[in-house]
Amino acid sequence: IIARIQENASKTPLIGDKSLIIVRESDRIFKEGANKFLKLLEEPPGHSVIVLLAVNPVLVLPTIRSRCQEIKLQRSDTQQIKSLLDRTVPDQAIRDVLSRAARGSAGTIAHWQNEGLLDSCQTAVQVLLNRKQKSATALTEELEKSLGVNFGSSSAKSRPLADLALRLFSAV
């Protein structure tokens, strides 16, 4: 991922004189990738503006954080999040769960929409809302079957859906 960020930073903007690079989950950059990333932060191309997003800024490595200007953003309230979902999620109970799972982040909803995860979210929430007294194993198997994934796999499809299922489970 760091190599891709570096590659994008080196490209000349298509429109205008600046390019914006947004790095989501910068609190998940580990020491292995940090050295490459630090070089980019210390010597960014003149046309690039780099924005790091972090849910938990304390987890951003100190060497990276020391080269940044922190701007705290307010979370949206639950009603604003629900209104984002009004057009795409018909079921009120599912909207309620998804808005709690988004934790006040309109960007999370946009990410789910852009990545095509909103349908999977609705499917997972429906399974979770109808779980009755199932064991954790039975619930996991039903979620895997409904979503068409294996949570034990590290595939590009399974990992984000497993993370999403955990987030939704905590919001139900």
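Source: prediction; values computed, not measured. (Residues numbered from 1 in each chain as written. Predicted model: local features only at pLDDT ≥ 70, side-chain atom pairs only at ≥ 80, totals over all residues. Heavy atoms only, no water.)

Caption draft 1: Up close: helix H6 (residues 106-114). Turning to H6, its buried residues are Thr108, Ile109 and Trp112. Across the axial projection of H6, the buried residues extend over an arc of 100 degrees, all falling on one side. Buried residues along H6 sit in contact with helix H4 (78-85), helix H5 (92-101), helix H7 (118-129) and helix H9 (158-171). Following H6 by one or two positions, Gly116 adopts a phi angle in the positive range, close to 70 degrees. (Buried < 20%, exposed > 50% of the residue type's maximum accessible area, 1.4 Å probe, protein only. Helix = DSSP H or I, 4+ residues; strand = E, 2+ residues; numbered from the N terminus. Arc of directions from axis to C-beta. Contact = heavy atoms within 4.5 Å.)

Caption draft 2: Structural detail: the pairing of strand E1 (residues 19-23). Only one face of E1 is covered, namely the face carrying Ser19, Ile21 and Val23; the face carrying Leu20 and Ile22 is uncovered. With helix H2 (residues 31-42) bridging E1 and the parallel strand E2 (residues 48-52), this β-α-β connection has right-handed handedness. (Right-handed = clockwise from strand over helix to strand, strands pointing away.)

Caption draft 3: Summary view of the pattern of salt bridges. Applying the stated criterion across every chain, the model contains five salt bridges. Here Glu7 ties to Lys11 by a salt bridge, and the two come within 3.8 Å at their closest N and O atoms. Here Arg95 ties to Asp86 by a salt bridge, and the two come within 3.1 Å at their closest N and O atoms. Classification of Asp86 by relative accessible area gives partly exposed; the value is 42%. (Salt bridge = Lys/Arg side-chain N within 4 Å of Asp/Glu carboxyl O.)

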